[in-house]
Amino acid sequence: MLRLALLFLTTLALTCAQDQPLQTLRKQHPRLIALDSDIERVRSLIRSDARAKQIYDALLKEAAKIEVAPTVEFKLIGPRLLDQSRRALERVYTLALLYRIDGNKRYRDRAVKELRAAAGFPNWNTSHFLDTAEMTHAMAIGYDWLYPVLTPEERGWMRAAIVEKGLDQAMKVYAKPSGWHKSIHNWNQVCNGGIGIGALAIGDAEPEKSTAALREALASIPLAMASYAPDGGWPEGPGYWHYATRYNVYFLAALETALGTDFGLSKLPGFDRAGHFRVYFSSPSGSTFNYADASASVGNAAEMFWLARRFSQPVYSWQEQELIAAKNRPEALDLLWYRANAASPKKSGWPLDDYYKGVQVAFLRSAWDDPNAIFVGVKGGDNKAGHSHLDLGSFVLDAGGERWAADLGGDNYNLPAYFGNQRWNYYRLRTESHNTVLIDGENQDPKAAAPIVEHSFQRDRAFVRIDMSKAYAGKLTRYERSMSLVKRSTVVVEDVIEAPQPVEALWGMLTAAEVKLDGRKALLTRNGKTLTAEIRSPREARFDIVSTAPPSPQNQNTGTRKLVVRLPAKTASVRIEVALTPGN
């Protein structure tokens, strides 16, 4: 009931904002994301907090590299200008923030040089509107943060670029009945966020166009934010959790500083738990459960600091601080949003396991504070979700600081029809590359979903059970996968399969470890660590190894192999149970 009430109040606030969203616009610049009072706080942190000083020093080194690098250029990779848009955005944030902290004119001049190059592009590649949105964002931050030291001429061409190459192009999309403004995935937040920030930057100078664009962005973004409900999960996987959430936060932070309100958007159901999802999908060894088109590395996410402040969650700050300390690859907003108040999940009493109903994904682990702890991510999910692979039932497993059961992540987006009619022909996206059961060598149904129908998180046994029956429509009458962490020391995977006619069932686990086979046992070795796999059922099954190399030009997946369980014959009924035990 509380969530429904919050949704009603947010809808009411947004409806009221539709007429005059710029009514409370702060008149002076800078007004986006970082006010002058925030800069004073940052200066104080640099003096008093060692980790904040570490971030600041890293940004100074990055700025030195930017100063001697060529500016962005109008150069597409495949259909995308996105590489250049992101480069411009990162550089402007870094240089403009350092200028505001230090007053060093070199940073101001280099940022303006970058922006002039971007403003000179013939367009910002509206056919791939993410590129347009990110470049609009970059121009808006440069215009707003440097406004007091820009010449009238510089302000003029920056405003013109935001309007002509950003806002005007967005209004053409908003006028259509379908497009990113009607979507529920990351494009919605990125495009609305970038355009909305552009509108806030120039709202006083271009009130009509800014009002129109901001109205549309405020009406559209709740569609995507509904994907966080009810518990903060994100269906597009960890990589796109970061992309969607950071732009959501960019936009909310800009609304907050420029207008004094986010119109209740941050109170939408599930958004307060988005940071929980990130903490749980991150393993002790620094990897993610990288389902969908995601890489396995846990990168920085400065938005975690903002979420920590907004929702009073010191664990969010803890994670980002730990990543900065380990990788030392901070960004400007890590410094701007830095929160010293931090506490580990163990100290905060977070449970070891969690289940996200909205995306049907669960996480099990043996400890929070041990880099060698066991970590399992397992998913049911929906094959229709954005960026999904045909991977219902797939899992990853870390232990001893190593990844034993791996997900290869996405392939090159520029492969022919990667997001079109050839998507399910590519190995990394097909069922055969994932850690699940392959039936008759075929893909899962691209329209299938698999709910987690039972879960129990106890001290001696944490487990989830997934109903996979619809994964192979027409071939199976029953397919249930159970994933258990027994005594926090052994992972047990159990598959119960029934079919109207005998089928070939091939259990699989992709790994980068070296594998030594011994009938019903296999010894996996990696970097001096070991994991033992044992077939407990059926007794006549045996382990085997299959190649993970697909036809060129796909990624050849060098250094990986797939451990499989082979049954002696096709079967109409089978229970496959495999135990995975780290250590000797």
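Refer to the structure printed above.
What you see as residue numbers is a count from 1 along each chain, following the sequence as written. Selection of residues for local features in this predicted model requires a pLDDT of at least 70, selection of side-chain atom pairs for listing and counting requires 80 or more, and totals for whole chains, interfaces and linings are taken over all residues. To obtain the side-chain values, all non-hydrogen atoms of the structure were used and water was disregarded.

### As for the overall build of the protein chain
How we decide: Numbered from the N terminus, helices here are DSSP runs of H or I no shorter than four residues, and strands are runs of E no shorter than two. To get the radius of gyration, use the C-alpha atoms; to get the globule rule, take the number of residues to the power 0.38 and multiply by 2.2 Å. Only protein chains enter the accessibility calculation, which uses a 1.4 Å probe. A residue is then buried if its area is under 20% of the maximum for its type, exposed if over 50%, and partly exposed in between.
Helix and strand counts for the protein chain come out as 14 helices and 19 strands. For 584 residues, the compact-globule estimate of 2.2 N^0.38 gives 25 Å, and the C-alpha radius of gyration of the protein chain, at 25 Å, lies within 12% of that figure. If one aligns the C-alpha atoms of the protein chain with their principal axes, the spans along those axes are about 80 × 50 × 50 Å. In the protein chain, buried positions account for 58% of the 584 residues.

### A short note on the packing of helix H10 (residues 237–259) against helix H12 (residues 303–311)
When two helices pack together, their arrangement is given by the angle between their axes and by how far apart the axes lie. Operational definition: Simply put, an axis is a line fit to the C-alpha atoms, just over the touching stretch for a helix, and the angle between two N-to-C directions goes from 0 to 180 degrees. We call two directions roughly parallel when the angle between them is under 35 degrees, roughly antiparallel when it is over 145, roughly perpendicular when it lies between 65 and 115, and oblique otherwise. Helix crossings get a hand from a simple test, with the near helix turned counterclockwise from the far one by less than a right angle marking a left-handed crossing and a clockwise turn marking a right-handed one. By definition in these notes, contact holds between two residues if any of their heavy atoms fall within 4.5 Å. Three categories are distinguished: nonpolar for Ala, Val, Leu, Ile, Met, Phe, Trp, Tyr, Cys and Pro, charged for Asp, Glu, Lys and Arg, and polar for the others, with Gly belonging to the last.
One can describe the packing of H10 onto H12 by two numbers: an axis separation of 9 Å at closest approach and a directional angle of 55°. By the angle between their directions, the pair H10 and H12 is classed as oblique. In this structure, H10 meets H12 at a crossing whose hand is left-handed. Only Glu303, Met304, Trp306, Leu307 and Arg309 of H12 make contact with H10, whose side of the interface consists of Trp241, His242, Thr245, Arg246, Val249, Leu252, Ala253 and Glu256. By residue class, the composition of the contact of H10 with H12 is 7 nonpolar, 2 polar and 4 charged.

### Quick word on unusual backbone geometry
For the bond running from Ala229 to Pro230, omega is 0°, close enough to zero to count as cis. Of note, Pro230 is situated in the loop between helix H9 (207–225) and H10. With an omega of -5°, the peptide bond running from Ser537 to Pro538 counts as cis. Of note, Asn125 is a non-glycine position whose phi angle comes to about 60°, a positive value. Summarising the element assignment, Asn125 is placed in the loop between helix H5 (105–119) and helix H6 (129–145). Even without a glycine there, the phi angle at Ser312 is positive, about 50°. Tracing the chain through its elements places Ser312 in the loop between H12 and helix H13 (314–327).

### Considerations on the sheet that holds strand E6 (residues 402–405)
Spelled out, the test is: Strands are treated as partners if at least two bridges between them are detected by DSSP.
Pairing within the open sheet is antiparallel, and its 5 strands lie in the order E1-E2-E3-E5-E6. The open sheet is flanked by strand E1 (354–356) and E6, the only strands paired with a single partner. Recorded for the sheet is a direction-independent mean angle of 15° between the axes of neighbouring strands. Most of the contacts of helix H11 (residues 274–281) go to strand E2 (residues 361–365), to which it runs at about 50°, and overall it touches E1, E2 and strand E3 (375–379).

### As for the nonpolar core
Quick reminder of the rule: Here the nonpolar core consists of buried residues drawn from Ala, Val, Leu, Ile, Met, Phe, Trp, Tyr and Cys, with membership extended through side-chain atoms lying within 4.5 Å.
Leu32, Ile33, Met139, Trp145, Leu255, Leu335 and Trp337 are the most contacted members of the largest nonpolar core, which totals 126 residues. When residues in this core are grouped by element, the largest group, 14 residues, is from H10. Residues Trp404, Ile452, Val491 and Ala533 belong to the second largest nonpolar core, which totals 53 residues.

### Overview of H5
The following threshold applies: Multiplying one less than the number of residues by 1.5 Å gives the expected span of a helix. Two N or O atoms count as a polar contact when they lie within 3.5 Å, although within protein this holds only if one can serve as hydrogen donor and the other as acceptor, and sequence-adjacent residues are included solely when both atoms are side-chain atoms.
Its 15 residues give H5 an end-to-end C-alpha distance of 21 Å, which sits within 8% of 21 Å, the value for a rise of 1.5 Å per residue. Taken together, the buried positions of H5 are Tyr107, Arg108, Arg110, Ala111, Val112, Glu114, Leu115, Ala117, Ala118 and Ala119. Where the residues of H5 are buried, they touch helix H3 (50–67), helix H4 (82–102), H6 and helix H7 (152–174). The N-terminus of H5 is capped by Asn104, whose side-chain oxygen sits 3.0 Å from the backbone nitrogen of Arg106.

### Observations concerning the sheet that holds strand E14 (residues 514–518)
Each strand in a sheet pairs with its neighbour through backbone hydrogen bonds, running either in the same direction (parallel) or in the opposite one (antiparallel). As summarised here, the arrangement of the 8 strands in space is E9-E10-E11-E12-E19-E16-E15-E14, forming an open sheet in which the pairing is antiparallel. Lying at the two open borders of the sheet, with one neighbouring strand each, are strand E9 (452–457) and E14. When strand polarity is set aside, the average angle formed by the axes of neighbouring strands in this sheet is 15°. Sheet topology places strand E15 (residues 521–526) next to strand E16 (residues 529–537); 6 bridges connect them, and they run antiparallel. Bridging across to E16, Lys521 finds its partner in Glu534.

### A word on the pairing of E16
A loop of 2 residues connects E15 with E16, the two strands running antiparallel in sequence, and Asn527 in this loop sits at a positive phi of about 50°. As paired elements, E16 and strand E19 (residues 571–582) share 6 bridges and run antiparallel to each other. By the bridge assignment for E19, Thr532 is matched with Thr581.

### Brief notes about the packing of H3 against H13
Following both chains from N to C, one finds H3 and H13 inclined at 55°, their axes separated by 11 Å at the closest point. The angle between H3 and H13 falls in the class oblique. Remark: the crossing between H3 and H13 carries left-handed chirality. Contacts between H3 and H13 involve Arg51, Gln54 and Ile55 from the former and Gln321, Glu322, Ile324 and Ala325 from the latter. Residues that form the contact of H3 with H13 fall into these classes: 3 nonpolar, 2 polar and 2 charged.

### Considerations on the packing of aromatic side chains
Formally: Stacked, tilted and edge-to-face are the three classes assigned to paired rings of Phe, Tyr and Trp, where Trp is represented by its six-membered ring and a pair needs centres within 6.5 Å; plane angles under 30 degrees give stacked, over 60 edge-to-face, the rest tilted.
All told, the structure shown has 29 aromatic pairs when counted by the stated rule. Measuring from ring centre to ring centre gives 5.2 Å for Tyr174 and Trp180, while their planes differ by 70°; the resulting arrangement is edge-to-face. Look at Trp241 and Phe281: their rings are 6.0 Å apart centre to centre, the planes differ by 75°, and that puts the pair in the edge-to-face class. Of the two residues, Trp241 is situated in helix H10 and Phe281 in helix H11; the sequence distance between them amounts to 40 residues. On the basis of relative accessibility, which here comes to 0%, the residue Trp241 falls in the buried class. Since its relative accessible area comes to 1%, Phe281 is described here as buried.

### Some points on the pairing of strand E18 (residues 561–566)
Within E18, 5 of the 6 residues are buried, which leaves it mostly tucked inside the rest of the structure. Sheet topology places strand E13 (residues 505–511) next to E18; 5 bridges connect them, and they run antiparallel. By the bridge assignment, Leu510 is partnered in E18 with Lys562. As paired elements, strand E17 (residues 542–546) and E18 share 5 bridges and run antiparallel to each other. Considered in E18, the bridge of Asp544 is made with Val564.

### Quick look at the pattern of salt bridges
Stated precisely, the cut-off is as follows: Here, a salt bridge means any side-chain nitrogen of Lys or Arg that lies within 4 Å of a carboxyl oxygen of Asp or Glu.
Scanning the model with the defined rule gives 38 salt bridges in all. Notably, a salt bridge pairs Arg108 with Glu154, separated by 2.5 Å at the nearest N-O pair. With Arg108 in helix H5 and Glu154 in helix H7, this pair connects stretches of sequence that are 46 residues apart. Each member of the pair Arg108 and Glu154 is classed as buried. Lys209 is the partner of Asp168 in a salt bridge, and the nearest nitrogen-oxygen pair spans 3.3 Å.

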